[in-house]
Amino acid sequence: MENTCSKSSFNNWKLIPWKEIELKIFKLQKRIYRASLRSDTKLVRKLQKLITNSWYAKLLSVRRVTQENKGKHTAGVDGVKSLNPKERLELARKLKLDGTARPTRRVWIPKPGRKDLRPLGIPTIEDRTKQMLLKLALEPEWEAKFEPNSYGFRPGRSCHDALQGIYKNINKKPRFALDADISKCFDKINHSALLEKLNTKPSYTRQIKAWLSAGVIDFSKWAERKGYSNTNEGTPQGGVISPLLANVALHGMELVLKEAFPSSSI
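This text gives an overview of the structure that appears in the document. (Residues numbered from 1 in each chain as written. Predicted model: local features only at pLDDT ≥ 70, side-chain atom pairs only at ≥ 80, totals over all residues. Heavy atoms only, no water.)

### Points about the layout of surface pockets
Short version of the rule: Using a grid of 1 Å spacing that covers the protein atoms alone, one calls a set of points a cavity when a 1.4 Å probe fits there but cannot get out, and a pocket when the set is open and has protein on both sides within 12 Å along at least five of seven lines; lining residues are those with an atom within 4 Å of a point. Grid points are joined across faces, edges and corners, and a volume is the space filled by probe spheres set on the points. Strands here are runs of E lasting at least two residues and helices are runs of H or I lasting at least four, both read from the DSSP assignment and numbered beginning at the N terminus. Amino acids outside the nonpolar list (Ala, Val, Leu, Ile, Met, Phe, Trp, Tyr, Cys, Pro) and the charged list (Asp, Glu, Lys, Arg) are all regarded as polar, and Gly is one of them.
For the second largest pocket, the calculated volume is near 560 Å³. Forming the boundary of the second largest pocket are 17 residues, of which N69, K70, G239, V240 and P243 lie nearest the centre. Ranked by the residues each element gives to the lining of the second largest pocket, the list is headed by helix 5 (residues 125-143), at three residues. For the lining of the second largest pocket, a count of residues per class yields seven nonpolar, five polar and five charged.

Structure representation (structure tokens):
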């Protein structure tokens, strides 16, 4: 896959051929997606291993976390806010899903349009990069499985797509609408149930479990308990992979509703 470049050939971050790298990783992700559609689990696992061991994928993960992500200058518990080009290359070289994780740093931000605050758990830059690397491998597998009417945190989907989907379903005849507000969704996800549902490679499971149970450090004035706290449930909302994990946890709701109300117009 990577016969045109090697680790030693990249000594200047600004000269890395990003378009070539993104295209090659995208092609691998397409193969994972198609294999998942065919339920070819063996091939899915093989291709996922290619991505998580790929030098290109590691470079791309570092770039997305340290340069493209909106929270690229947000520090974790190590206090590191940004990396220079040399440090980015070094991080890519040592990047590995080793089953370890550092605690997240809790910050509090206002809820949109409200005075209430909600907590974010910010992993370190290294952990966010590891999460991005694993997300590159897991997301296409689950994109092939997710329900067609799921729109939140999905690549290539937006609120406009959800509105269009609603309009197509209600413009011909009356329909019932279920408004389900899942209180503290991210905070209450059961770790064991989530890992069982993911049903992925043991090494990936160990890594995700490490992130979920890494704990949180909070010294803000809003903290109920200052210092370190265990995390026995939920996923940190500031994590790169957390939206994907939340979607996996919620996957199947549409099928349950259709089975519960087979003759209704939901």
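From this point, things continue past the structure.
### Quick look at the pattern of salt bridges
Here is the rule: Salt bridges are identified by distance alone: a Lys or Arg side-chain nitrogen within 4 Å of an Asp or Glu carboxyl oxygen. For each residue, the accessible area found with a 1.4 Å probe, counting protein chains only, is set against the maximum for its type, and the residue is called buried under 20%, exposed over 50%, and partly exposed in between.
Taken as a whole and assessed by the stated rule, the structure comprises ten salt bridges. Taking the shortest distance from any N to any O, the salt bridge between K188 and E233 comes out at 3.4 Å. Pair noted here: K188 is in the loop between helix 6 (159-170) and helix 7 (191-198) and E233 is in the loop between strand 4 (227-229) and helix 9 (242-250), with a separation of 45 residues, a long-range link. The partly exposed category is assigned to E233, whose relative accessible area is 40%. Each of E22, R63 and E68 takes part in salt bridges that share partners, so that together they form one network.

### Considerations on the packing of helix 7 against helix 9
So the rule is basically this: Interaxial angle, 0 to 180 degrees, is taken between N-to-C directions of lines fitted to C-alpha atoms, where a helix line uses only the stretch in contact. Here roughly perpendicular refers to angles of 65 to 115 degrees, roughly parallel to angles under 35, roughly antiparallel to angles over 145, and oblique to all remaining angles. What makes two residues a contact is simply this: any of their non-hydrogen atoms within 4.5 Å.
It is the contact of helix 7 with helix 9, at a shortest axis distance of 9 Å, that shows an interaxial angle of 85 degrees. Considered as vectors, helix 7 and helix 9 are oriented roughly perpendicular to each other. Mapping the contact onto sequence places L194, K197 and L198 in helix 7 and L245, V248, A249 and L250 in helix 9. Residues belonging to the contact of helix 7 with helix 9 are distributed by class as follows: six nonpolar, no polar and one charged.

### Description of the sheet that holds strand 3 (residues 216-218)
Here is the rule we go by: Being paired, for any two strands, means DSSP has found at least two bridges between them.
Strand order in the open sheet formed by four strands is 2-1-3-4, and the pairing between neighbours is mixed. Lying at the two open borders of the sheet, with one neighbouring strand each, are strand 2 (117-122) and strand 4. This sheet shows a mean twist of 40 degrees between the axes of neighbouring strands, independent of strand direction. By the bridge criterion, three bridges tie strand 3 to strand 4 in an arrangement that is antiparallel.

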